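# A look at the structure
Chain by chain, the residues run as shown.
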Amino acid sequence: MSKDQRSATPTWKLYNRPWYVKLGNGIADYFKNAGLMIWGVLKAIPFKLWALLLAIARCFQGLWFRFVKGDWRTKISYLIMGFGCFSRSPKQIIKGLLLLAVEALFIVFMIFIGWPNLYMMGSLGDIAVIKKESPIVPGLIRTTYVDNSLTILLFSVMTLMFMVFFVYMWIKNTKIAYDTQKLVEEGKPLSGPKQQLNYALNDGYHVTVLTLPVLGVLVISILPLIVNILVAFTNYDFFHAPPGELFDWVGFGSFTNVFSKTYGSAIWSVLGWTIIWAVFATFTNFFFGMFLAMIINKKSIKLKAFWRTCFVIVIAVPDFISLMMMSKFFSYNPVEDFTGAFNHMLQQWFGLNANIDWFGTSTLNEWNARIMVIVVNLWRGMPFTMLSTYGILMNIPEELYESSRIDGAGPLRRFISITFPYIMFVMGPQLITTFTGNINNFNVIFFLTGGGPNYSIGNAPGKTDLLVTWLYKMTVNTSQPEYSNGAVLGLFTFIISSFFALIVFNSSKSVKQEDTFQ
């Protein structure tokens, strides 16, 4: 079909293929696009590294050029940041003092915090505690904490990040000094505080506004991520926990424990259930929420606002309250002779002698619990999709439906060829984001089942544990935390989530065809 024929064909007829053919083609395209994107990333790595080396070379070339061509004020700026500004004109005093303040702050930080921790990064500390008898009270042992491996690691990473920032600002300082020199030599006026403020609020407004959020991302997200990656290469656990003990670098020992020795079979079982959970939790909410929105959107339905409100209330109630209530509502514990409200309702309303163990607590039936968490999550997550889909349905052009009716398309064909493609085009990114979020959906599992039922004790995962809830159990909710193994598990979860969040998102039609819909 030519491009002109395609543009003249009604939109709904372009999708006139069997659903199973479209599904198969979609799955094939997904794997093809994901594979091509991964290959593209791998293929681009050598070129990116070469481009980085060229950029570094150009940077050194520029530094040498500015030093050779610069006057004495520019040369001194290589040692005293900002000197090339505040020594030339009173208008440049504020800019120069800010650059000087960056250098002074860096020197103070390196003397008192940066260098002492960076120096011990290789050993992660030498002496954990010193115990001495009190000279005042005989027999009283005084404990002095000396080195803390976690603090050393944290401040070492922070120091490296600060050093990268300082090098950038130092290079920027040399360029500012040389540019200021050129303006003076050419007799052009220098910008004062008023002009600099005007630039910060206009042409440089994006830098002014984004500086603080970027700093927050570095401190709150990037710094913990780097520390978590480094912890995965240590033996940080209950027996090597600061401040009483030190932990050391062990290379890939923690990876071996998680993927082969200690948790070799368990991690693949948890990963399999995590993927199953993410698929069902995402697509059940999507399809049921979509059909619910279509029902409410029908012209024959009265009190639309009332029905929407009934489901939106579920969103307004905090997860902690609703999920804990549902956990007690369906609970059953024969040991403690406790039966939840739902079993009581079955007995009193229908005369059934029902003591059903919905979450498999006593029978250790894992699939009871897994089905229940999917069902409860459907009740909890469906309203989000309903609201999003409802807005999309209200914006689909009515002319498409009218032309499809004239051409003889029935309700099912209109849904397959018009409604569903429009919904998927708009909600594709949200669907991928929801899938990634469900991989890390801590609340539903933790508050409903706590990861159980459990077939074992200790830090081994329960039968409904996701990677993220197992990580919590392994590091927080345990008497013998395994922080290094947990860091490996967190890194593994991050890689899986990044794959779906980045590669799959970029291969979706919503991104590739964001300017049009055909």
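All values derive from a computational prediction rather than experimental measurement.

### Digging into the overall build of the protein chain
Helix and strand counts for the protein chain stand at 20 helices and four strands. The 518 residues of the protein chain split such that 37% are buried. At a minimum sequence separation of 6, the contacts of the protein chain that also span at least 24 residues come to 66%. By element, 69% of the accessible surface of the protein chain is carried by carbon and sulfur atoms, the whole surface being about 30200 Å².

### Details of the nonpolar core
Residues Ile-267, Leu-467, Trp-470 and Ile-496 are the most contacted members of the largest nonpolar core, which totals 33 residues. The set of elements that each furnish at least two residues to this core consists of α6 (149-185), α8 (205-231), α9 (253-261), α10 (264-297), α16 (411-439), α18 (467-475) and α19 (483-506). Among the elements that line this core, the one with the most residues is α19, at seven residues. With sequence-adjacent residues up to four places away left out, Leu-467 is seen in contact with Ile-267, Val-270, Leu-271, Thr-274, Leu-489, Phe-492, Thr-493 and Ile-496. Leu-400, Phe-415, Ile-418 and Met-427 belong to the second largest nonpolar core, which has 21 residues in total.

### Here we look at the pattern of salt bridges
Pairing between side chains becomes possible if they bear opposite charge and their charged atoms approach one another. Throughout the structure, instances matching the rule amount to eight salt bridges. Residue Arg-405 pairs with Glu-402 through a salt bridge whose shortest N-O separation is 3.3 Å. Taken together, the positions of Arg-405 and Glu-402, both in helix α15 (residues 398-406) and three residues apart, correspond to about one turn of that helix. Judged by its relative accessible area of 38%, Arg-405 is partly exposed. In this structure, Asp-465 engages Lys-473 in a salt bridge whose closest nitrogen and oxygen atoms are separated by 2.7 Å. Among the charged side chains, a network of salt bridges with common partners joins Glu-398, Glu-402 and Arg-405.

### Describing helix α5 (residues 93-119)
The first and last C-alpha atoms of α5 sit 36 Å apart over 27 residues, in line with the 39 Å expected at 1.5 Å per residue. The axis of α5 is deflected most strongly, by about 60°, at Met-110. Buried residues of α5: Gly-96, Leu-99, Val-102, Glu-103, Phe-106, Phe-109, Met-110, Gly-114, Asn-117 and Leu-118, and no others. Summarising the contacts, the buried residues of α5 are in contact with α4 (83-86) and α6.

### Looking at the confidence of the model for the protein chain
Residues at a pLDDT of 70 or more form 90% of the protein chain, whose mean pLDDT is 85. Note on residues 5-9: pLDDT is under 50 here. Beyond four places in sequence and across chains, it has five contacts.

### Quick notes on the side chain of Asn-235
Within the fold, Asn-235 resides in the loop between α8 and α9. If near-sequence neighbours (up to four positions away) are discounted, Asn-235 is found in contact with His-240, Phe-247, Asp-248, Val-250 and Ser-484.

### Comments concerning the packing of α5 against α6
When two helices pack together, their arrangement is given by the angle between the helix axes and by the axis-to-axis distance. At their nearest, the axes of α5 and α6 sit 9 Å apart, and the two run at 155° to each other. One finds that α5 runs roughly antiparallel with respect to α6. Where α5 crosses over α6, the two elements pack in a sense that is left-handed. Counted by class, the contact of α5 with α6 contains 18 nonpolar, six polar and two charged residues.

### Details of unusual backbone geometry
The step from Pro-242 to Pro-243 runs through a cis peptide bond, and the omega angle for that step is 5°. By the secondary structure assignment, Pro-243 is in the loop between α8 and α9. Cis geometry marks the peptide bond from Gly-452 to Pro-453, where omega comes out at 0°. Structurally, Pro-453 can be placed in the loop between α17 (442-448) and α18. Notably, Leu-124 is not glycine yet its phi reads approximately 60°, a positive angle. One non-glycine residue, Leu-303, lies in positive phi territory at about 55°. Of note, Leu-303 is situated in the loop between α10 and α11 (304-316).

### A closer look at the side chain of Thr-234
With respect to the helices and strands, the residue Thr-234 is situated in the loop between α8 and α9. Within the structure, the side chain of Thr-234 is placed 2.7 Å from the backbone oxygen of Val-231, a separation counted as a polar contact. In terms of polar contacts, Thr-234 uses its side chain to reach the backbone amide nitrogen of Tyr-236, at 3.4 Å. Residues in contact with Thr-234, not counting those within four places in the same chain, are Leu-124, Phe-247, Asp-248, Trp-249, Val-250, Ser-254 and Ser-484.

### Considerations on the packing of aromatic side chains
Scanning all chains against the criterion turns up 39 aromatic pairs. Both rings, one in Trp-115 and one in Tyr-119, keep their centres 5.8 Å apart while their planes meet at 50°; by these two values the pair is tilted. Placement of both Trp-115 and Tyr-119 in helix α5 is noted, with a separation of four residues, approximately one turn of the helix. Where Phe-320 meets Phe-447, the ring centres are 5.3 Å apart and the plane angle is 80°; that geometry is what we call edge-to-face. Here Phe-320, found in helix α12 (residues 319-329), pairs with Phe-447, found in helix α17; they are 127 residues apart in sequence, far enough to count as distant.

### With respect to the packing of α10 against helix α14 (residues 366-393)
Between α10 and α14, the least distance of the axes is 6 Å, while the angle of their chain directions is 45°. Compared by their axis directions, α10 and α14 come out oblique. Here α10 runs over α14; the crossing is right-handed.

### Overview of the environment of Phe-287
When you line up the elements, Phe-287 lands in helix α10. For the pair Phe-287 and Met-386, spaced 99 residues apart in sequence, the C-alpha separation works out to 9.2 Å.

### Quick look at the environment of Asp-248
Along the chain, Asp-248 turns up in the loop between α8 and α9. Between the C-alpha atom of Asp-248 and that of Phe-233, which follows or precedes it by 15 residues, the distance is 8.6 Å. Not counting residues up to four positions away in its chain, the partners in contact with Asp-248 are Ser-123, Leu-124, Phe-233, Thr-234 and Asn-235.

About the cut-offs
Residues numbered from 1 in each chain as written. Predicted model: local features only at pLDDT ≥ 70, side-chain atom pairs only at ≥ 80, totals over all residues. Heavy atoms only, no water. Helix = DSSP H or I, 4+ residues; strand = E, 2+ residues; numbered from the N terminus. Buried < 20%, exposed > 50% of the residue type's maximum accessible area, 1.4 Å probe, protein only. Contact = heavy atoms within 4.5 Å. Areas by Shrake-Rupley, 256 points an atom, 1.4 Å probe, with all protein chains shown as cover. Core = buried A, V, L, I, M, F, W, Y, C linked by side-chain atoms within 4.5 Å. Salt bridge = Lys/Arg side-chain N within 4 Å of Asp/Glu carboxyl O. Expected span 1.5 Å × (residues − 1). Bend = angle between axes of the 7 residues up to and from the residue. pLDDT = per-residue confidence, 0-100. Axes fitted to C-alpha atoms, helices over the stretch in contact; angles between N-to-C directions. Parallel < 35°, antiparallel > 145°, perpendicular 65-115°, else oblique. Left-handed = near helix turned anticlockwise from the far one by under 90°. Nonpolar A, V, L, I, M, F, W, Y, C, P; charged D, E, K, R; others polar. Polar contact = N/O pair within 3.5 Å; in protein donor to acceptor, adjacent residues only side chain to side chain. Phe/Tyr/Trp six-rings, centres within 6.5 Å; stacked < 30°, edge-to-face > 60°.

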